[in-house]
Amino acid sequence: MARKYFGTDGVRGHVGKAPITADFVLRLGYAAGVTLVAREQLGAGDRPTVLIGKDTRLSGYMLEAALEAGLAAAGVDVLLAGPVPTPAVAYLTRALRLQAGVVISASHNPYHDNGIKFFSASGNKLPDAMEEDIEARLELPMGCVEPAKIGRARRLEGAAERYIEFCKSTFPNELDLRGLKIALDCAHGAAYHIAPKVFHELGAEVVVVGASPNGFNINDGVGATAPDSLRKAVLDAEADLGIALDGDGDRLIMADKAGNLYDGDRLLYVIARSQLLDGALPGVVGTLMSNLGFEHALARHGVPLLRAKVGDRYVMELMLERGWKLGGENSGHIICLDRHSTGDGIISALQVLAALRRLDASLEEACADLTLYPQKLINVRMAAGFDWQSDPDIAAARLAAETELGEVGRVLLRASGTEPLLRVMVEGRDGEQVMRLARAIADAVEKACAS
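Overview of the structure. (Residues numbered from 1 in each chain as written. Predicted model: local features only at pLDDT ≥ 70, side-chain atom pairs only at ≥ 80, totals over all residues. Heavy atoms only, no water.)

Attention shifts here to the pairing of strand E9 (residues 241–245). In terms of burial, E9 is largely enclosed, as 5 of its 5 residues are buried. In terms of strand pairing, strand E7 (residues 181–185) meets E9 through 4 bridges, oriented parallel. When the bridges of E9 are listed, Asp 185 appears paired with Ala 244. As judged from the 5 bridges shared by E9 and strand E10 (residues 252–256), these two strands associate in the antiparallel manner. Counterpart to Ala 244 in the pairing with E10 is Ile 253. Connecting E9 to the next strand, E10, in antiparallel fashion are 6 residues, including Gly 249 with a positive phi near 75°. (Buried < 20%, exposed > 50% of the residue type's maximum accessible area, 1.4 Å probe, protein only. Helix = DSSP H or I, 4+ residues; strand = E, 2+ residues; numbered from the N terminus. Pairing = 2+ DSSP bridges.)

Under the defined criterion, the tally for this structure stands at 26 salt bridges. Of the charged contacts in the structure, one is a salt bridge between Asp 228 and Arg 231, with a shortest N-O distance of 2.5 Å. Within this pair, Asp 228 and its partner Arg 231 are both found in helix H7 (residues 227–237), separated by 3 residues, close to a single helical turn. On the accessibility criterion, Arg 231 (28% relative accessible area) is partly exposed. A network of salt bridges, in which partner residues are shared, links Asp 9, Arg 12, Lys 117, Lys 125, Asp 248, Asp 250 and Asp 312. (Salt bridge = Lys/Arg side-chain N within 4 Å of Asp/Glu carboxyl O.)

According to the stated counting rule, one finds 3 cavities of 30 Å³ or more in the structure shown. Reported here for the largest cavity is a volume of approximately 60 Å³. In terms of lining residues, the largest cavity is bounded by Ala 32, Leu 36, Val 50, Leu 71, Ala 100, Val 102, Phe 118, Phe 119, Leu 126, Met 130 and Ile 134. Elements supplying a minimum of two residues to the lining of the largest cavity: helix H1 (22–39), strand E4 (100–104), strand E5 (113–120) and helix H4 (128–138). Among the residues forming the lining of the largest cavity, the class breakdown is 11 nonpolar, no polar and no charged. In this model, the second largest cavity occupies a volume close to 50 Å³. (1 Å grid on protein atoms, 1.4 Å probe; cavity = no way out; pocket = protein on both sides within 12 Å on 5 of 7 lines; lining within 4 Å. Points joined across faces, edges and corners; volume = space filled by probe spheres on them. Nonpolar A, V, L, I, M, F, W, Y, C, P; charged D, E, K, R; others polar.)

Moving on: the packing of H1 against H4. Contact pair H1 / H4: the axes reach a minimum separation of 9 Å and the direction vectors enclose 120°. Taken together, the axes of H1 and H4 lie oblique to each other. As H1 packs across H4, the resulting crossing turns out to be right-handed. Mapping the contact onto sequence places Phe 24, Arg 27, Leu 28, Ala 31, Ala 32, Val 34, Thr 35, Leu 36 and Arg 39 in H1 and Ala 129, Met 130, Asp 133, Ile 134, Arg 137 and Leu 138 in H4. In terms of residue class, the contact of H1 with H4 is made up of 10 nonpolar, 1 polar and 4 charged. (Axes fitted to C-alpha atoms, helices over the stretch in contact; angles between N-to-C directions. Parallel < 35°, antiparallel > 145°, perpendicular 65-115°, else oblique. Left-handed = near helix turned anticlockwise from the far one by under 90°. Contact = heavy atoms within 4.5 Å.)

The full count for this structure, using the stated rule, is 4 aromatic pairs. Considering the side-chain rings of Tyr 91 and Phe 166, the 4.0 Å spacing of their centres and the 5° angle between planes classify their relative orientation as stacked. On the criterion of sequence distance, the pair formed by Tyr 91 in helix H3 (residues 86–95) and Phe 166 in helix H5 (residues 159–169) is long-range, its members being 75 residues apart. Note on accessibility: Tyr 91 and Phe 166 belong to one class, buried. Centroid distance Tyr 111 to Phe 216: 5.3 Å. Interplanar angle 75°. Geometry classified as edge-to-face. Taken as a pair, Tyr 111 in the loop between E4 and E5 and Phe 216 in the loop between strand E8 (205–209) and H7 lie far apart in primary sequence, 105 residues in all. Assessed through its relative accessible area of 35%, Tyr 111 is described here as partly exposed. If you follow Lys 54 out to its NZ or CZ, it ends over the ring of Tyr 61, 3.9 Å from the centre. Of note, Lys 309 hangs over the ring of Tyr 314, and the distance from its end group to the ring centre comes to 4.2 Å. (Phe/Tyr/Trp six-rings, centres within 6.5 Å; stacked < 30°, edge-to-face > 60°. Lys NZ or Arg CZ within 6 Å of the ring centre and 35° of its normal.)

Moving on to the sheet that holds E8. Spatially, 5 strands are ordered E8-E7-E9-E10-E11 in an open sheet, and the strand pairing comes out mixed. Taken across any chain shown, the strands that pair with only one partner, and hence form the sheet edges, are E8 and strand E11 (261–262). Against the sheet, helix H11 (residues 345–359) engages E7, E9 and E10, with an angle of about 160° to E9.

Core analysis: the largest hydrophobic core is formed by 70 residues, its most contacted members being Leu 177, Phe 199, Ile 243, Ile 346 and Leu 353. The contact partners of Leu 177, leaving out residues within four places of it in the chain, are Phe 171, Ile 182, Phe 199, Leu 202, Gly 203, Ala 204, Leu 350, Leu 353 and Arg 357. With 32 residues, the next largest nonpolar core counts Leu 63, Ala 74, Val 76 and Val 78 among its residues. (Core = buried A, V, L, I, M, F, W, Y, C linked by side-chain atoms within 4.5 Å.)

With that settled, consider the environment of Lys 197. Along the polypeptide, Lys 197 turns up in helix H6 (residues 195–201). For Lys 197, a relative accessible area of 41% puts it in the partly exposed group. C-alpha of Lys 197 to C-alpha of Glu 165: the two residues are 32 residues apart in sequence and 9.8 Å apart in space.

This paragraph deals with the environment of Gln 375. Along the chain, the position of Gln 375 falls in strand E16 (residues 375–381). Each C-alpha atom, one on Gln 375 and one on Lys 257, is 24 Å from the other, the two residues being 118 residues apart in sequence. Once residues within four sequence positions are removed from consideration, Gln 375 is found in contact with Met 289, Asn 291, Asn 330, Arg 410, Met 425, Val 426, Glu 427 and Val 434. Polar contacts involving the side chain of Gln 375 include one to the side chain of Asn 330, which spans 3.2 Å. (Polar contact = N/O pair within 3.5 Å; in protein donor to acceptor, adjacent residues only side chain to side chain.)

Here we take up the sheet that holds E16. On the basis of which strands lie adjacent, the open sheet formed by 3 strands has the order E16-E18-E17 and antiparallel pairing. Each edge of the open sheet carries a strand with a single partner, namely E16 and strand E17 (409–415). The sheet shows a mean angle of 10° between the axes of neighbouring strands, direction not considered. Sheet analysis places E17 next to strand E18 (residues 421–428), joined by 7 bridges and oriented antiparallel.

Quick look at the pairing of E8 now. Where E7 meets E8, 5 bridges bridge the pair, whose relative direction is parallel. The residue bridging Leu 184 from the neighbouring strand is Val 208, located in E8. Each parallel crossover has a hand, and for E7 linked through H6 to E8 it is right-handed. (Right-handed = clockwise from strand over helix to strand, strands pointing away.)

So this is what it looks like as structure tokens:
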């Protein structure tokens, strides 16, 4: 079934434009609620309960109210967690034995975007089949259960505190962060009141930036998608390292004391090296975007890298299929299934810090034998529905680049699952060549879109 609303990470778009409108989210809540009621095997008189969390966008208030009303109309009780990171919703849904969790967030996007994503009772992203059921229900008229069966809503007290304790529990008991000065950028997002406490309570001195959300400034020049903010914070504070989260707290980048940045591939490598101290690591799951240098470095340790489609849900699917515990994307989504059921920026950062303690190394030292190939990614805006795969000029530009690179590079073109963009990626050993070929393909895409 072709998806009409759900992308790789839920339903997302510009607030006030379809589908991110109050009336659509009302119907989405109802459709999801009806689907849950139909699927759950509950006792007589019992009703499903769903947790709703959100990030710090102003539009979260409107969408939360609409979602709550739709779920209640379907006979579903609602717990409201307020602003908490996306992985906090996954954890609390599982810990409280709820039927589902919902996050109102557009992750790393600017404040004028927002979205809705769902977690199952096990704390995983909903399977495709259930999202398809919800989409099918959206095509039917919205109704309402009889008045006596309408769902109730209440605030979940202590949601942030529960999640803080969970994050700390994933850090080894025999280790601490004493003597470490960390610059922490919370992106003015959902982790602003949580991440600083986690690292401070484990013993670190924490210098915090990006922790004053006002509804409009999420991801605005701060966070994992704006690394200059982290670099400046590290250098200004003379910190030992830096950690930057994105708006909903499920991805990160890090920096060493010199301000050098470390993406998801490097951070995964540090965690992998630590896990190898305990014996064999069966493998790591990456994506089509994972760097060839990362793959080669893992291979030198006898660890295979398998590539999933881009998107943490696809990384998770392949990890579960193989029974592997470590995977992620170079964008900073890292999944440690021995610690959490989903990608988590705070917990992933803790695993990197634990690895550095165990390896007795700095970030620079832990990655000394990892050399990444130059990689250039250009995002080209395109109209929805544009058939870029059939355009002969784009195909010719791609073929020319692949021919010139030969066996020592890669070209990847893919449509974003969350924004109207075509992502053009070129990778190879020669940085100037990579830049030139990526620009040539991007120019061909821009020309084709304009014609």
